[in-house]
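# Structural description and commentary
If you want the building blocks of each chain, they are given just below.
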Amino acid sequence: MTAQPTKALTQASHRDMANAIRFLSADAVEKAKSGHPGMPMGMADVATVLFTRFLKFDAAQPRWADRDRFVLSAGHGSMLLYSLLYLTGYPDVDIEQIKNFRQLGARTAGHPEYGHISGAETTTGPLGQGIANAVGFALAEKMLQARFGKDVVDHYTYVIAGDGCLMEGISQEAVSMAGHWRLGKLIVLWDDNHICIDGDTSLSVSDDQLKRFEASNWDVCRVDGHDPEAVAAAVAHARTTDRPSLIACRTVIGFGSPTKAGSEKTHGAPLGAEDLAGMREGLGWPYPAFEIPDNVLAAWRAAGGRGAAERTAWEARYAATPSVVRAEYDRTTQGRLPAGWEKAVNDFKKKCSADKPSWATRKASQEALEVLTPVIPEMIGGSADLTHSNLTHTKVTKSITPTDFAGRYIHYGVREHGMAAVMNGMALHGGFIPYGGTFLVFADYLRPGLRMSALMGLRVIYVLTHDSIGLGEDGPTHQPIETVASLRAMPNVLTFRPCDAVETAECWALAVANEGGPSALALSRQNLPTLRTEHTDDNLSARGAYVMAEADGKRQVTILATGSEVSLAMAARDKLKAKGVAAAVVSMPCWELFDRQPADYRAKVLGEGTVRVAVEALGTFGWERYVGLDGAVIGMTGFGASAPAEKLYEHFGITADAVVDAAVARLK
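Residues numbered from 1 in each chain as written. Predicted model: local features only at pLDDT ≥ 70, side-chain atom pairs only at ≥ 80, totals over all residues. Heavy atoms only, no water.

With that out of the way, let us pick up the pairing of strand β2 (residues 157-161). Looking along a regular strand, one sees the side chains alternate between the two faces of the sheet. In terms of burial, β2 is largely enclosed, as five of its five residues are buried. Burial along β2 is two-sided: the face carrying T157, V159 and A161 and the face carrying Y158 and I160 are both buried. Where strand β1 (residues 69-72) lies against β2, four bridges are found, and the strand directions are parallel. Following the sheet pairing, R69 is matched in β2 by T157. (Buried < 20%, exposed > 50% of the residue type's maximum accessible area, 1.4 Å probe, protein only. Helix = DSSP H or I, 4+ residues; strand = E, 2+ residues; numbered from the N terminus. Pairing = 2+ DSSP bridges.)

Taken together, the five strands give an open sheet; going across it, the order is β14-β16-β15-β17-β18, and neighbouring strands pair in mixed fashion. Each of the sheet's edge strands pairs with one partner strand only, and the pair in question is β14 (546-549) and β18 (632-636). Put simply, the sheet's adjacent strands are angled 25° from each other on average, direction ignored. Sheet topology note: the strand β17 (residues 611-619)/β18 ladder contains four bridges and is parallel. What sits directly across from G619, in β18, is M636. (Axes fitted to C-alpha atoms, helices over the stretch in contact; angles between N-to-C directions.)

Right, let's talk about the sheet that holds strand β9 (residues 409-411) for a bit. Spatially, β9-β8-β10-β11-β13-β12 is the arrangement adopted by the six strands of the open sheet, whose pairing is parallel. Edge positions in the open sheet fall to β9 and β12 (494-496), since each of these has one partner strand only. Direction aside, the axes of adjacent strands within the sheet are offset by 20° on average. Of the strand pairs in this sheet, strand β8 (residues 379-383) and β9 are connected by three bridges, and their pairing is parallel. Opposite G381, over in β9, you have Y409 as the bridge partner. The sheet strands contacting helix α18 (residues 443-456) are β10 (433-439) and β11 (461-465), and the helix crosses β11 at an angle near 160°. (Contact = heavy atoms within 4.5 Å.)

In this structure, I98, L186, W300 and M426 are the most contacted members of the largest nonpolar core, which totals 138 residues. The greatest single-element share of this core, amounting to 11 residues, is contributed by helix α5 (residues 129-148). For M426, the contacting residues outside a window of four places in its chain are G136, F137, L139, A140, M143, I380, I410, Y412, F432 and P434. In terms of nonpolar packing, the next biggest core, distinct from the first, is built from 35 residues, A561, A632, Y649 and V659 among them. (Core = buried A, V, L, I, M, F, W, Y, C linked by side-chain atoms within 4.5 Å.)

Per-residue pLDDT for the protein has a mean of 97; in total, 99% of the residues score no lower than 70. A low-confidence stretch, residues 1-9 (pLDDT under 50), is modelled with 31 contacts involving residues beyond four sequence positions or located in other chains. (pLDDT = per-residue confidence, 0-100.)

In this section: the packing of α5 against helix α17 (residues 416-429). Contact geometry of α5 with α17 gives a least axis separation of 7 Å together with a crossing angle of 55°. Between α5 and α17, the angle is such that the two are oblique. For α5 against α17, the interelement crossing comes out right-handed. Of the residues in α17, those in contact with Q129, A132, N133, V135, G136, F137, L139, A140, E141, M143 and L144 of α5 are H417, A421, V422, N424, G425, M426, L428 and H429. Residues belonging to the contact of α5 with α17 are distributed by class as follows: 11 nonpolar, seven polar and one charged. (Parallel < 35°, antiparallel > 145°, perpendicular 65-115°, else oblique. Left-handed = near helix turned anticlockwise from the far one by under 90°. Nonpolar A, V, L, I, M, F, W, Y, C, P; charged D, E, K, R; others polar.)

On to the packing of α5 against helix α7 (residues 169-181). Viewed as axis vectors pointing N to C, α5 and α7 meet at an angle of 20°, and their least axial separation amounts to 8 Å. If you check the angle between α5 and α7, you find them roughly parallel. Considering how the two elements wind past one another, α5 and α7 form a crossing that is left-handed. In this structure, α5 uses Q129, I131, A132, V135 and L139 to contact α7, whose residues at the interface are I170, S171, A174, A178 and W181. Here the contact of α5 with α7 is composed, by residue class, of eight nonpolar, two polar and no charged.

See the structure below:
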């Protein structure tokens, strides 16, 4: 059920309740000598209407499952959110947190951060990410409702977005998807204040945003953002449509400032003591900094408890739900994998070791997904219009459409950035493990979303195929050189580059189990031999690197490789053996996991005192940490070319003979 609008709560006027937001925000920024007071001051009226009349939440139980989601896409205005959370009584945002805004150790960071405070549904600040996350929230709500019913899942997603959010290109990707899917419970309140950092928005944009959204199948309207009844009427109408809604709220940035209202000067700097004093006089607010009069605070606290009845009613409905349904809902929304899923992976590994298929690792990934998706029903696949190249679709993942949300596969279109942000929103909402595919080189198109996955610690899986010059004829525009190194450089990302079907299955198992961050799987276009022909239930890839083939006799050379070059390394080992040189091959599917291993294990694998040669058909950056100053790296030092894969390997000198020559040269 959805919360119904309610009237005034206590003897405090709307004006006083909105002014409480304005002064908490302005005073906190003033004390911090840093921040963005203008947006909270301008949107205080809109936020007051939303939180006191419409938003379904219970401050005493801020994470209850069927709450409405509120996303502050314009994250620079974080004091709007923090003020609302303090005023409504969220336990983790007290007045000391407001006073310590932007200070080390405070939960009230410069931009809202997921996991720091219970009222931050997502981390925002990079403009456009929040509105795109919100599309993921709204999509997840419809999908979860299709699975568990309206008595269990029935909530709205509200967004406050600014001009910058709508200027960012990702917003168009998100807006287009939301309109296509007819996400009628997504309501965006646009802070239409005509101001950006440089000045009036007319300096840089002349779009008719309402026509833009309307063209993408949204319901649109425009209101005076300082008229609470007009705002309330617009929100009430938006809740009746079967399309997503944009409400353009015409506001004055820095509302109440006697000298800076309506100016970019209020956007990203404190108002100053003199201006604050004038603001207090002009708005009739005689209270000192951080003091809220009792009747105003009581009215806000009543708003914070308004959803308690809705919550308890939901809990009663949920308790009456069949136990098997509750068990599955709890399991998926809490992020727990089903019992026994590992057996499916091990059975698949065993079959691959026995059958020895020569699959491209993108094909091995598809085969692994055919095993995983039936036993982990919360896995939701997708691709940025490369389904038949990424091989991300399986027999059990039917497509999601605007009229059927029971499916498990999302056609994102050519929208890599939007795909990443929508997947983040789905992961944040809970109930699903999203994975999405594109070419590895186009990870650059989705990188800001992937970075947010890492920053928030979200289980989102990126399937990145066509992973090297081995993709061949499509040429240097599509051949990733520096991309994997850049992914490895990003904190809290597990970057996998498996060498065969067995390692691919192991890497998928690790990605699915990686609750604390995203995983990126770099997968080959070209076929590769199965190297792991002896089965073990042990996930060797979990160590990040391991000895694929030990030297015959005392080790003299250690060859390090990933992905498609591990088989090349094995050929080099045989050539060295023919020369009387004992070489070991180390497969390194995940540097990040290897770096977590104990020092003695790492030393044993790397072969201290041996000549080390690394080979990877990518850029060489980063390998020096493993081969040392005296080692060698065989790889790409520039961009690729258009030709068949085998010709490219020869042309760029990424061959078994090159590995042998580098090793022998260092033995002398």
